[in-house]
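Here is how the chains run, residue by residue.
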Amino acid sequence: MKKIEVVAAIIRKDDKIFATQRGYGDFKDGWEFPGGKVEPGETPEAALKREIREELSTEISVDSFVCTVDYDYPQFHLTMHCYYCSLLDDALHLNEHEAARWLTKEQLDSVDWLPADLEVVEKIEKEE
């Protein structure tokens, strides 16, 4: 089975978390935390900063590691490293996603998360 390693940014601002809706591919319209593939020789933190720059035209700080999710999709095995992040610039532009929302912890269940991202949502909901 093909293996894909990605990073995901759980961007927090005040009491809200940033969620994005995919605008392409097999999982179009599903909700996810923004991020993407780790390139060879790249650290997860560097990959996350690059991916967010590409996807949202903004800069972030990578604040802390949250978890790693391993999930088997029908076509591939996903390893997703997730980090809490903060915006260094408030301007966000959706270059690849069709929609985005700032959600409170109580609102996280209001969107249709992709399966691997849902595991992260469940972890965040359990935190104090």
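Residues numbered from 1 in each chain as written. Predicted model: local features only at pLDDT ≥ 70, side-chain atom pairs only at ≥ 80, totals over all residues. Heavy atoms only, no water.

Visitor: Before we move on, could you go through helix α2 (residues 115-126) and cite the residues and values that matter?
Guide: An ideal rise of 1.5 Å per residue puts 16 Å on 12 residues; α2 measures up with 17 Å between its terminal C-alpha atoms. Within the sequence span of α2, burial applies to Ala116, Asp117, Val120, Val121 and Ile124. Summarising the axial view, the buried residues of α2 lie within an arc of 145°, below the 170-degree limit, and thus occupy one face. (Helix = DSSP H or I, 4+ residues; strand = E, 2+ residues; numbered from the N terminus. Expected span 1.5 Å × (residues − 1). Buried < 20%, exposed > 50% of the residue type's maximum accessible area, 1.4 Å probe, protein only. Arc of directions from axis to C-beta.)

Visitor: Could you give an account of unusual backbone geometry, naming the residues involved and the relevant values?
Guide: Positive phi, close to 55°, is recorded for aspartate 14, a residue that is not glycine. If you trace the backbone, aspartate 14 turns up in the loop between β1 (2-13) and β2 (16-22). One non-glycine residue, aspartate 29, lies in the positive phi region at around 80°. For aspartate 29, the location among the structural elements is in the loop between β2 and β3 (31-32).

Visitor: So what's going on with the nonpolar core? Which residues, and what values?
Guide: Ile10, Phe33, Met80, Trp113 and Val120 are the most contacted members of the largest nonpolar core, which totals 26 residues. Put simply, the parts of the chain that give this core at least two residues each are β1, β2, β5 (60-72), β6 (76-87) and α2. Here this core takes five residues from β6, the largest share from any one element. The contact partners of methionine 80, leaving out residues within four places of it in the chain, are Val6, Ala8, Cys67, Thr68, Val69, Ala116, Asp117 and Val120. In terms of nonpolar packing, the next biggest core, distinct from the first, is built from 13 residues, Ile11, Phe18, Cys85 and Leu87 among them. (Core = buried A, V, L, I, M, F, W, Y, C linked by side-chain atoms within 4.5 Å. Contact = heavy atoms within 4.5 Å.)

Visitor: Can you tell me about the pairing of β1, naming the residues and giving the values?
Guide: Summarising the sheet, β1 and β6 pair through 10 bridges and their orientation is parallel. What sits directly across from lysine 3, in β6, is histidine 77. Where β1 lies against strand β4 (residues 35-37), three bridges are found, and the strand directions are antiparallel. By the bridge assignment for β4, valine 7 is matched with glycine 36. Bridging between β1 and β2 involves two bridges; their strand directions are antiparallel. In the strand pairing of β2, lysine 13 is matched with lysine 16. Counting the residues that bridge the hairpin from β1 to β2 gives two residues, and of these aspartate 14 lies at a positive phi of roughly 55°. (Pairing = 2+ DSSP bridges.)

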